[in-house]
Amino acid sequence: EKKKKMSVLFEDSGLLTKTLLLNRPSKLNALNLEMVNIITPLVHKWENTDSVKAIIIRGTGSKIFCAGGDVKAVYEISKENNKKRNPLDFFTFEYKLLHLIGNSKKVYISILDGLTMGGGVGLSIHGKFRVATENTIFAMPETGIGFIPDVAVNHKFTKLKIGFEVAKYILLTGIRIGGEEACDLGLLTHFIHSSKIPEVLNRLNSITNTEDIEKILLESETSRTGYKSVIYSNLDEIRYIFAPNTIEEIFERLEKKDTEFSKKTKELLYSFSPTSLKVTLKQFEYSINKSLEECLQLDHDIVSHYITTIDSDFYEGVRAQLVDKTKDPK
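Given the structure is predicted, the values throughout are model-derived calculations rather than measurements. (Residues numbered from 1 in each chain as written. Predicted model: local features only at pLDDT ≥ 70, side-chain atom pairs only at ≥ 80, totals over all residues. Heavy atoms only, no water.)

Student: Tell me about the sheet that holds strand β10 (residues 190–191), and name the residues and values.
Tutor: Taken in spatial order, the 6 strands line up as β1-β2-β3-β5-β7-β10 in an open sheet, and their pairing is mixed. Two strands in the sheet have a free side with no partner beyond their single neighbour: β1 (8–11) and β10. Pairing between strand β2 (residues 17–22) and strand β3 (residues 54–59): 6 bridges, direction parallel. Counted as the bridge partner of L20 is I57 from β3. Strands in contact with helix α2 (residues 33–47) are β1, β2 and β3; relative to β2, the strand with the most contacts, it is inclined by about 175°. (Pairing = 2+ DSSP bridges. Helix = DSSP H or I, 4+ residues; strand = E, 2+ residues; numbered from the N terminus. Contact = heavy atoms within 4.5 Å. Axes fitted to C-alpha atoms, helices over the stretch in contact; angles between N-to-C directions.)

Rendered as structure tokens:
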């Protein structure tokens, strides 16, 4: 009975594999400090255990991996003004965990069968294999709450083969991306239908050497059904509009293009915090050719500024979108 209530479950799932299960389905498995504090020592321990060769992470609940960091909890801690609880702690320890995952000598496999946003992207994107299904919804929606795309996603986004413009478009707009598209963009690594996941997990848990992991994932890949893509169907326009390095110039280009896509995009970006958009763009630029450590440090510097500035757009964004749900950030 007690096990049910734990926010993270862990299993000695196979001879060479360990499994982490994010277990707050009623909160869409949103990551909080308690969860980070359970996962970190486990990953540390497994990192130093020779017999452990692979770590699998997935979410409980239907069509959920992890909907992000629990920013509502951060908001509440900041409001209670308790000297013992620092709202920045969550980010500090979360980033330490991401550093650990990104530098892991183990094969780290995320099964993203559903909602994967913000902190959920952080928990998966720095690992070796990232499995998408038809249920995957991948997004970095932080600008929509007056925040910035953190968790060092720029370490990966600045390297996307499709180019900087598309990366900036995804990060500034917070667009939701499906599983197949996330694989095509290089954000995720394998597309496997959710009906095959139990079998894939069984096979992963019975491996006797790590070479078999990639073989299992490749053999299980599902043929694509095709999808409607905002990105691929507006690629030329995205490459033109998001080429500049300032928000002002991006808006100028949005004005110039009089298409349905540019109108929708302009409307969306106009509804976001201008500060967040500007910082997001600068942060992206600074992250080019930087190490994971440097990206995490940069994000931590920016986030600590947001968290310690009590009237920042972040608190107002969280209030309007997540706390009072009035959707009217001032």
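There's plenty left to go through after this.
Student: Report on the packing of aromatic side chains, specifying residues and quantitative values.
Tutor: One pass over the full model with this rule turns up 8 aromatic pairs. Ring geometry for F91 versus Y95: centroids 6.3 Å apart, planes at 70°, classification edge-to-face. Of this pair, F91 and Y95 both sit in helix α4 (residues 89–102), 4 residues apart, which is roughly one turn of the helix. By the burial criterion, F91 is buried, and Y95 matches it. Both rings, one in F251 and one in Y270, keep their centres 4.6 Å apart while their planes meet at 10°; by these two values the pair is stacked. With a gap of 19 residues between them, F251 in helix α13 (residues 247–256) and Y270 in helix α14 (residues 260–270) connect regions that are remote in the sequence. Of the residues examined, F251 reaches a relative accessible area of 14% and is grouped as buried. Among the aromatic residues, those joined into a ring-pair cluster are F90, F91, Y95, F147 and Y306. A cation over a ring is seen here: R253 above Y240, with NZ or CZ 4.5 Å from the ring centre. (Phe/Tyr/Trp six-rings, centres within 6.5 Å; stacked < 30°, edge-to-face > 60°. Buried < 20%, exposed > 50% of the residue type's maximum accessible area, 1.4 Å probe, protein only. Lys NZ or Arg CZ within 6 Å of the ring centre and 35° of its normal.)

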